[in-house]
Amino acid sequence: MKCSLCDKEAVREIPYMKMYLCREHFIEWFDQRFIRDSKRYRLFENSKRVAVAVSGGKDSTTMLHLLSQASKQLNIEIVGLTIDLGIDNGTGYSRKSVETAVKNFEIAHVKYKVIDLGSDYNFTIDKAKRGTNRPACSVCGLSKRYILNAAAEEMDADTLATGHNLDDMAQFIFSGYVYGNLESLSRNSMVNPPERGYCVKKVKPLFFTPEGEILHYAILRGYPFIYDPCPYSSEFGSVSQERIGDMMKSMEAKMPGTMMNMVKTFEKQIRPALHDIYSRDEDVGRCKLCGRPTTKDREICSFCSIKNKLAAKQ
Ligand SMILES: [Zn+2]
Ligand SMILES: [Zn+2]
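Report follows, based on the coordinates. All values derive from a computational prediction rather than experimental measurement. (Residues numbered from 1 in each chain as written. Chains lettered and ligands numbered in written order. Predicted model: local features only at pLDDT ≥ 70, side-chain atom pairs only at ≥ 80, totals over all residues.)

Observations regarding unusual backbone geometry
Right, so step 1: Positioned with a positive phi, Arg-42 is a non-glycine residue whose angle comes to about 50°.
Right, so step 2: Tracing the backbone shows Arg-42 in the loop between α1 (23–40) and β3 (49–53).
Right, so step 3: The exposure class of Arg-42 is exposed, given the 12 C-beta atoms found within 10 Å. (Helix = DSSP H or I, 4+ residues; strand = E, 2+ residues; numbered from the N terminus. Buried ≥ 20, exposed ≤ 12 C-beta atoms within 10 Å, placed from the backbone.)

Thoughts on the packing of α1 against helix α2 (residues 58–74)
Right, so step 1: At a closest axis distance of 10 Å, the pairing of α1 and α2 adopts a crossing angle of 55°. Of the possible angle classes, the one that applies to α1 and α2 is oblique. In this structure, α1 meets α2 at a crossing whose hand is right-handed. Taking contact as the criterion, the partners of Asp-31, Phe-34, Ile-35 and Ser-38 in α1 are, on α2, Leu-66, Gln-69, Ala-70, Gln-73 and Leu-74.
Right, so step 2: A class-by-class count of the residues in the contact of α1 with α2 yields 5 nonpolar, 3 polar and 1 charged. (Axes fitted to C-alpha atoms, helices over the stretch in contact; angles between N-to-C directions. Parallel < 35°, antiparallel > 145°, perpendicular 65-115°, else oblique. Left-handed = near helix turned anticlockwise from the far one by under 90°. Contact = placed C-beta atoms within 7 Å. Nonpolar A, V, L, I, M, F, W, Y, C, P; charged D, E, K, R; others polar.)

Here we look at the sheet that holds strand β4 (residues 77–84)
Right, so step 1: Taken in spatial order, the 6 strands line up as β5-β4-β3-β6-β8-β7 in an open sheet, and their pairing is mixed. Here the strands that pair on one side only, and so sit at the sheet edges, are β5 (111–116) and β7 (191–192).
Right, so step 2: Across 5 bridges, the pairing between β3 and β4 is parallel. Residue pairing in the sheet places Arg-49 in a bridge with Glu-77 of β4.
Right, so step 3: Along the sheet face, helix α3 (residues 93–107) touches β4 and β5 and points at about 165° away from the line of β4.
Right, so step 4: The sheet strands contacting helix α6 (residues 136–154) are β3, β4, β5 and β6 (159–161), and the helix crosses β4 at an angle near 145°. (Pairing = 2+ DSSP bridges.)

Such coordinate-based values are descriptive only and should not be taken to indicate function.
As structure tokens, this is what we get:
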């Protein structure tokens, strides 16, 4: 197939645009769309310093380089954050993840900070896996949220960017419908203002970018990234998430553009309606131990309570 814009051989089909693109035109289109979407959806309106959370995977790595390339046009300063979660389980997962993130910060000439769950907070996901009965993914998710918010504030960032892609969003939305998690759906936007006691705005610049395009782009650009899945990703809770993901992929194969339609409809029509229902000003409390935001009914935030539980066991 020939490129829709020139005579060269196409390397990628963009089904929802009815377009085929050669290597150069794919890269150019991908870069331009990133800037156009960031402006159209006002991701960085009033942002000055953006903390970019990088895990070393293809999505966050690509986002880091796109943001650093576009920082002048978007009028923002970029700083990097990566967390050593202490996930090993015989695979060296966290070590590889941090090394790769750091390599990319250096390539992009971005100032960065590595937060080490083990030495900074005295627990690791491996320890939590052995010492609590919560699924590793749930401890990991809440730890990441806690640490990224705190670290972004410490670095004087007003915005925190994470690398969620279109496929992640389609899966999140679909499973939200299946399990009825309407409140968390109401907060799942491409851009979330600071709320409920937090100081940073949260943005997901790759919200409408399909995973396959990100992977292809990262390879064409030659960015170093890790392919390794987390060693805990085959746990029970994540398996059902993965099945939902597979279902979305097969639907996409039969009806190209389904995920894009689903996520666009959600962001434009469904989420605003949900937000109106769930946006009542929730009372925010402060954790008695760390002072960070918590829900009014909890004296100690969920991060501190897991940390304490593990410390007591040592
Ligand atoms: Zn071309
Ligand atoms: Zn706390």
